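Close look at the chain arrangement
Here is what each chain is made of, one letter per residue.
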Amino acid sequence: MAQQSNNATDTKALIDALGEGAAALRNKDFLLTWDHGPKAIEAVLDTATVLERAYKDGRSLRLFNGGLALSIFRDNSTRTRFAYGSAASLLGLSHQDLDEKKSQIAHGETVRETANMISFCAHSLGIRDDMYIHEGHSYMVEVAQALDEGFRDGVLPNRPAMVNLQCDLDHPTQTCADLLHLSNEFGGLKALKNKKIVMSWAYSPSYGKPLSVAQGVITLMTRFGANVTLAHPEGYDLLPETIDIAKRHAQSSGGKFEITHSMQDAFADADIVYPKSWAPFGVMEKRTELLRAKDDKALVDLERQCLAQNANHKDWECTNDLMKRTKGGKALYMHCLPADITGVSCKEGEVAADVFERYRLKTYHEASHKPYTIAAMILLSRCKDAQAFLANVMK
Amino acid sequence: MAQQSNNATDTKALIDALGEGAAALRNKDFLLTWDHGPKAIEAVLDTATVLERAYKDGRSLRLFNGGLALSIFRDNSTRTRFAYGSAASLLGLSHQDLDEKKSQIAHGETVRETANMISFCAHSLGIRDDMYIHEGHSYMVEVAQALDEGFRDGVLPNRPAMVNLQCDLDHPTQTCADLLHLSNEFGGLKALKNKKIVMSWAYSPSYGKPLSVAQGVITLMTRFGANVTLAHPEGYDLLPETIDIAKRHAQSSGGKFEITHSMQDAFADADIVYPKSWAPFGVMEKRTELLRAKDDKALVDLERQCLAQNANHKDWECTNDLMKRTKGGKALYMHCLPADITGVSCKEGEVAADVFERYRLKTYHEASHKPYTIAAMILLSRCKDAQAFLANVMK
Amino acid sequence: MAQQSNNATDTKALIDALGEGAAALRNKDFLLTWDHGPKAIEAVLDTATVLERAYKDGRSLRLFNGGLALSIFRDNSTRTRFAYGSAASLLGLSHQDLDEKKSQIAHGETVRETANMISFCAHSLGIRDDMYIHEGHSYMVEVAQALDEGFRDGVLPNRPAMVNLQCDLDHPTQTCADLLHLSNEFGGLKALKNKKIVMSWAYSPSYGKPLSVAQGVITLMTRFGANVTLAHPEGYDLLPETIDIAKRHAQSSGGKFEITHSMQDAFADADIVYPKSWAPFGVMEKRTELLRAKDDKALVDLERQCLAQNANHKDWECTNDLMKRTKGGKALYMHCLPADITGVSCKEGEVAADVFERYRLKTYHEASHKPYTIAAMILLSRCKDAQAFLANVMK
């Protein structure tokens with residue numbers, strides 16, 4: 001579904017069609033999009049759309065009579081933090097953040113124990129842990145198992161729904177919002193069939209940006225029949241397992257997945273472009289190692305090397321000339337924000353100022369779906385009958 | 001209106017009289033009191049009074065079905081932070097603060113983008129930015145324009161109501177609470193006609209206190225026919241534009257506005273005195289410059305000079321002897337708190353301990369109006385029909 | 001009451017029996033368990049049980065139409081912070097924490113003033129202040145008096161209920177949750193009659209742990225006819241006044257209170273053991289003095305001495321061999337968490353890994369009562385008719 005139109009009939013149709021996808025997500029965490037079938041992904045998008053419309057109407061979305069929406073941010077966050085807080089508020093939960101510096105978790109307390117101690121009255125737990133390759137997702141799985149045990153043993157009256165707010169592998173709240181944006185822009189997910197989507201590396205004067213947006217985009221967009229092209233300079237590979245998943249998805253959806261080392265080639269005839277910087281995963285692996293060893297000197301060296309390596313690829317910038325190579329010169333530009341904009345937020349960056357300005361408000365719209373995407377993930381996991389709840393909300 | 005009595009008939013009369021002022025504030029920000037007419041100011045005070053009574057009765061003031069009340073504090077705050085959090089809670093919003101150190105705003109993200117990114121589900125945004133002369137208000141206007149654009153383009157489903165929680169020019173949530181206090185103490189705003197109100201500089205052993213309370217008091221109190229006297233040592237001028245506004249207001253309200261460099265003269269026959277320290281705006285301008293240049297050495301020098309200059313005026317203290325010069329020796333002492341109390345919070349300060357102690361609880365009452373004043377500003381901006389809403393609350 | 005069974009009849013019986021205890025707690029703070037009679041303690045436990053059941057059923061416990069639940073943490077906290085936030089959310093309050101580093105309280109503002117300034121719309125105020133012996137409780141009493149004055153004078157529309165979240169004397173939210181755990185494990189408070197409860201010091205490689213859990217346990221458990229044994233090495237005395245209270249309580253309840261310097265002896269035939277480290281109060285007194293004098297060098301020396309002293313007692317570890325000495329080898333192990341677990345969270349600690357693992361989930365259950373215990377304390381203080389409210393919740 002996930003249509004653009006906005007009338008009551010359409011909203012009712014969205015709710016009616018939730019059945020299978022909603023059932024599949026009941027009592028499930030949302031850690032990786034590839035943990036879930038396409039029906040489940042569609043259910044997230046459609047539920048998000050219904051919630052967005054209901055909120056605009058001023059309707060009450062309070063699923064809960066109080067309780068906590070927990071978050072743990074192991075990396076900085078503005079937009080995701082506020083999106084999560086918004087989702088919590090709409091559903092009737094109080095957002096409480098575990099600040100690991102303030103709390104006793106820094107003093108040798110185990111993950112397992114803390115996960116239970118903060119969750120007695122929690123209905124959701126969102127975690128960002130994207131700094132260390134091979135670590136973020138594992139941490140979330142460890143927490144999930146602790147919550148399972150606590151719930152099984154009766155320690156926790158409810159099993160909070162876990163939501164991945166960005167890990168080393170995936171960034172599902174971002175990419176589902178991206179997908180909803182595409183669905184709205186092109187008139188439904190079916191319209192993505194055979195559309196050329198380019199996930200391209202782009203130059204940035206910064207170091208150590210997570211790989212998870214790029215990995216999330218190639219693994220998700222390949223599921224809906226799109227032709228996904230991943231473009232990056234040599235040495236900027238993504239995690240091999242996510243490449244394998246993208247290939248598999250393209251095959252089963254009837255789409256394509258290709259890798260190129262030329263931004264020029266990638267942009268040719270593209271319908272959608274997503275130019276964004278990331279660190280090579282080799283650097284991220286090395287960095288995780290050095291951080292664990294607390295080798296500050298080697299970390300400084302690594303940063304210097306990495307920035308020097310980046311600087312060889314300043315031509316990977318999304319310019320007007322490049323945009324002209326896309327289909328009709330009018331590909332949809334996407335970004336998870338904030339973008340490194342040449343001459344605005346940095347001297348040389350991911351995107352030329354005029355290109356960005358042309359699509360700026362569209363990127364805001366893209367981002368605007370995030371609160372509802374997160375709320376949908378929590379609601380579909382925790383609500384006994386999401387269809388009935390939403391039908392009642394829209395009454 | 002803004003009467004002291006407390007019965008249901010009077011509350012109904014307050015609500016009935018809101019019409020014109022409430023209409024003027026619909027969809028408006030509250031950045032400077034002089035952006036709004038006297039009817040609008042009265043509407044804030046009367047709405048605050050109704051909310052205060054309703055809260056004391058335990059009535060629900062939940063205007064919203066969830067959503068965020070955002071705040072950005074670019075300077076420390078206790079009382080305003082808690083007043084804003086209280087207003088949010090009463091109206092049914094979740095308070096979420098943007099901590100600029102934690103967030104990515106520090107990393108070159110533009111104000112325009114962040115304003116939209118945090119506001120998708122926001123109904124209000126309160127900002128304190130009082131450290132830099134010529135900066136705070138401009139920043140708020142910039143944010144307001146970003147929100148206007150986001151709302152116009154459909155990025156934001158609602159345009160959050162902006163509330164100035166203190167800028168370089170004004171401190172409207174404080175001065176409106178002050179005015180409500182005066183109205184309660186003297187029996188209505190009309191009773192302020194021809195009352196002598198003294199806004200006086202006072203000595204403090206601290207450096208760099210904002211000018212905005214003093215500027216807010218002289219610009220607001222001159223609107224209701226009072227005789228406002230501004231007193232300060234030479235060299236402690238306020239921003240010239242606020243002096244001009246105070247003069248204009250006095251003229252059109254039939255009040256007076258005078259400036260004197262003698263605290264003794266100022267206190268003679270005063271009905272109300274508000275002795276409070278501030279930095280000379282020349283120092284604040286210099287400081288803004290040095291902070292921008294990150295010239296730490298020059299900043300230390302500037303602080304030393306400024307404190308030395310302050311120390312020449314230790315006789316500007318609100319003592320018992322000075323209070324005896326006021327009308328019947330019984331002028332109402334006001335302060336926005338915390339006061340620098342001689343022998344209590346500092347060796348030599350703004351006010352003698354015995355004077356302060358005599359009026360201490362009155363200053364608490366003065367402060368107690370702030371949560372409701374803020375709630376009134378948000379409600380009058382966001383509520384389609386504030387009169388109907390309040391009538392329903394009081395039913 | 002405080003029974004284990006879980007059916008509607010039993011819940012109704014719990015509510016019906018609240019009368020005397022609920023009346024005793026109306027408008028009262030919960031600073032020390034010995035401020036309140038046994039009926040009041042039972043009312044807290046029974047109310048917590050009812051709230052726990054109601055929450056598990058998804059019932060609304062919103063006593064308040066918004067307003068603040070304030071907290072001040074003068075020491076780190078994870079579990080208590082989240083328990084307090086949970087209680088706030090369930091009762092319909094917004095949790096707002098006073099971060100003393102951010103706020104102006106650090107700049108000479110008096111306790112009295114700040115207490116009022118943050119409380120205009122507050123219904124509860126939880127404080128942790130456990131670092132300084134002879135200080136924490138006094139601070140809370142000072143705050144309580146300030147709130148009394150503010151309420152008496154009409155500054156505050158409500159007198160917020162104060163809850164001690166750990167002071168230098170007591171940790172009532174912890175020990176009431178502990179007592180409820182015991183009641184659930186043994187089948188009611190009456191079953192504690194003649195049970196042997198051992199509160200034992202245990203070795204920890206850390207310094208300066210508060211005494212309040214141990215003091216809270218011996219003063220509370222002696223009230224219900226238990227035989228309480230306090231065990232610690234020489235030099236690890238608790239505050240003498242709490243020893244006196246424990247003795248008095250044991251006498252009037254028909255229980256026993258004994259002190260021993262042998263962990264071996266203490267564990268013999270015990271029904272319940274609570275092995276936990278604390279600092280000698282002499283060290284804590286000295287530390288308070290040095291902290292006040294800001295004598296960093298002497299503080300480092302004191303820490304070194306104290307850790308060396310601790311290291312003489314590494315044999316005070318709750319091992320399997322020790323557990324075998326308890327009644328049937330099956331005493332209930334308790335801990336407030338986090339425990340120092342040998343080979344897990346430290347090299348040598350309070351408890352052997354296999355002992356802890358056997359009781360791990362039981363300690364989670366013990367902790368799980370805390371949110372409801374805190375909510376019960378607030379509700380019983382603030383609700384005009386707690387019985388009617390709870391009866392209505394369970395309808």
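This is a predicted model, so every value here is computed, not measured.

Analysis parameters
Residues numbered from 1 in each chain as written. Chains lettered and ligands numbered in written order. Predicted model: local features only at pLDDT ≥ 70, side-chain atom pairs only at ≥ 80, totals over all residues. Axes fitted to C-alpha atoms, helices over the stretch in contact; angles between N-to-C directions. Helix = DSSP H or I, 4+ residues; strand = E, 2+ residues; numbered from the N terminus. Parallel < 35°, antiparallel > 145°, perpendicular 65-115°, else oblique. Left-handed = near helix turned anticlockwise from the far one by under 90°. Contact = placed C-beta atoms within 7 Å. Nonpolar A, V, L, I, M, F, W, Y, C, P; charged D, E, K, R; others polar. Least-squares fit on C-alpha atoms with pLDDT ≥ 70 in both. Pairing = 2+ DSSP bridges. Right-handed = clockwise from strand over helix to strand, strands pointing away. Buried ≥ 20, exposed ≤ 12 C-beta atoms within 10 Å, placed from the backbone. Domains from an automatic or database assignment. Expected span 1.5 Å × (residues − 1).

A word on the packing of helix α7 (residues 172–186) of chain C against helix α8 (residues 212–221) of chain C
Residues and elements named next belong to chain C. As a packed pair, α7 and α8 sit with axes 9 Å apart at the nearest point and diverge in direction by 50 degrees. Regarding the angle of α7 to α8, the classification is oblique. The two elements α7 and α8 meet at a crossing, and its hand is right-handed. Note on element contacts: α8 touches α7 through Val 213, Gly 216, Val 217 and Leu 220, opposite Pro 172, Gln 174, Thr 175, Asp 178 and Leu 179. Of the residues contributing to the contact of α7 with α8, the split by class is five nonpolar, three polar and one charged.

Some words on the relation of the copies chain C and chain B
At an RMSD of 0.0 Å, chain C and chain B line up after a rotation of 120 degrees and a shift of 0.0 Å along the axis. The transformation relating the two chain copies, once decomposed into turn and shift, fits a three-fold axis. Considering only C-alpha atoms, the residue of chain C closest to the rotation axis is Ser 94 of chain C, which sits at 4.4 Å.

Re the pairing of strand β7 (residues 256–260) of chain B
Residue and element names in this part refer to chain B. Bridge count for strand β6 (residues 227–231) against β7 is five bridges, and the pairing is parallel. In the sheet register, Asn 227 faces β7, and the bridge partner there is Lys 256. Crossover handedness for the path β6 to helix α9 (residues 240–253) to β7: right-handed.

Comments concerning the sheet that holds strand β2 (residues 94–97) of chain A
Backbone-to-backbone hydrogen bonds pair the strands of a sheet. The strands run either parallel or antiparallel. Spatially, β2-β1-β3-β4 (chain A) is the arrangement adopted by the four strands of the open sheet, whose pairing is parallel. Edge positions in the sheet fall to β2 and β4 (161–167) of chain A, since each of these pairs with one other strand and no more. Neighbouring strand axes in the sheet, compared pairwise and without regard to direction, differ in orientation by 20 degrees on average. When strand β1 (residues 68–73) of chain A meets β2 of chain A, the two strands line up parallel, connected through four bridges. Opposite Ser 71 of chain A, over in β2 of chain A, you have Asp 97 of chain A as the bridge partner. On top of the sheet, helix α4 (residues 79–91) of chain C reaches β1 and β2 of chain A; it is set at about 175 degrees to β2 of chain A, its chief contact.

A closer look at the pairing of strand β1 (residues 68–73) of chain B
Residue and element names in this part refer to chain B. The element β1 is extensively covered by neighbouring structure, given that six of its six residues are classed as buried. Judged by which residues are buried, β1 turns out to be covered on both faces: Leu 68, Leu 70 and Ile 72 on one side and Ala 69, Ser 71 and Phe 73 on the other are all buried. Note that the unit made of β1, helix α4 (residues 79–91) and strand β2 (residues 94–97) has a crossover that is right-handed. As judged from the six bridges shared by β1 and strand β3 (residues 122–128), these two strands associate in the parallel manner. By the bridge assignment, Ile 72 is partnered in β3 with Ile 127.

With respect to the domain arrangement of chain A
All names here are of chain A. What the domain assignment reports for chain A is domain 1 (8–170 + 370–393) and domain 2 (174–368). Distance between the C-alpha centres of domain 1 and domain 2: 26 Å. With 22 residues of domain 1 at the contact, the number on the domain 2 side is 24 residues. Those elements that place two or more of their residues in the side of domain 1 that touches domain 2 are α3 (38–56), β4 and α15 (370–382). Of the residues forming the side of domain 1 that touches domain 2, the biggest block, seven residues, is contributed by α3.

Some points on the interface of chain C and chain B
Across the boundary between the two partners, chain C contributes 24 residues, which contact 27 residues of chain B. For the side of chain C that touches chain B, the secondary-structure elements that each account for two or more residues are β2 (94–97) and α5 (111–117) of chain C. With four residues, the top contributor of residues to the side of chain C that touches chain B is α5 of chain C. Residues that form the side of chain C that touches chain B fall into these classes: eight nonpolar, twelve polar and four charged.

Examining the packing of helix α3 (residues 38–56) of chain B against helix α15 (residues 370–382) of chain B
Residue and element names in this part refer to chain B. Taken N-terminus to C-terminus, the directions of α3 and α15 make an angle of 115 degrees; their axes are 8 Å apart at the nearest point. The angle between α3 and α15 falls in the class roughly perpendicular. Where α3 crosses over α15, the handedness of that crossing is right-handed. Facing Ala 43, Val 44, Thr 47, Ala 48, Leu 51 and Glu 52 of α3, the residues of α15 in contact are Tyr 372, Thr 373, Ala 375, Ala 376, Met 377, Leu 379 and Leu 380. Looking at the contact of α3 with α15 residue by residue, the classes come out as ten nonpolar, two polar and one charged.

What about the sheet that holds strand β4 (residues 161–167) of chain C?
Spatial strand order, β2-β1-β3-β4 (chain C): four strands in an open sheet with parallel pairing. In this open sheet, the two strands that pair with only one neighbour each are β2 and β4 of chain C. Going across the sheet, the axis of each strand differs from the next one's by a mean of 20 degrees, ignoring polarity. Sheet strands touched by α4 of chain B: β1 (68–73) and β2 of chain C. Its angle to β2 of chain C, the strand with the most contacts, is close to 175 degrees. Across the sheet, helix α6 (residues 136–152) of chain C lies against β3 (122–129) and β4 of chain C, angled at about 170 degrees from β4 of chain C, the strand it touches most.

Here we look at helix α6 (residues 136–152) of chain A
Its 17 residues place the ends of α6 of chain A 24 Å apart at the C-alpha level, agreeing with the 24 Å of an ideal helix rising 1.5 Å per residue. Against the buried residues of α6 of chain A lie α5 (111–117), β3 (122–129) and β4 of chain A together with α14 (353–368) of chain C.

With respect to unusual backbone geometry
Here the residue pair Leu 337 of chain B and Pro 338 of chain B is connected by a cis peptide bond, since its omega of 0 degrees sits within 30 degrees of zero. Within the secondary structure, Pro 338 of chain B is located in the loop between β9 (332–333) and α14 (353–368). A positive phi is found at Asn 27 of chain B, a non-glycine position, where the angle reads about 65 degrees. One non-glycine residue, Asn 194 of chain C, adopts positive backbone phi at about 65 degrees. Along the chain, the position of Asn 194 of chain C falls in the loop between α7 and β5 (196–201). By C-beta crowding, Asn 194 of chain C is classed as exposed, having 12 other C-beta atoms within 10 Å.

With respect to the interface of chain A and chain B
At the junction of the two partners, chain A supplies 27 residues and chain B supplies 24 residues. Those elements that place two or more of their residues in the side of chain A that touches chain B are α3, α4 (79–91) and α14 (353–368) of chain A. If you tally residues by element for the side of chain A that touches chain B, the top one is α4 of chain A, at six residues. Of the residues that constitute the side of chain A that touches chain B, the class distribution is eleven nonpolar, twelve polar and four charged.

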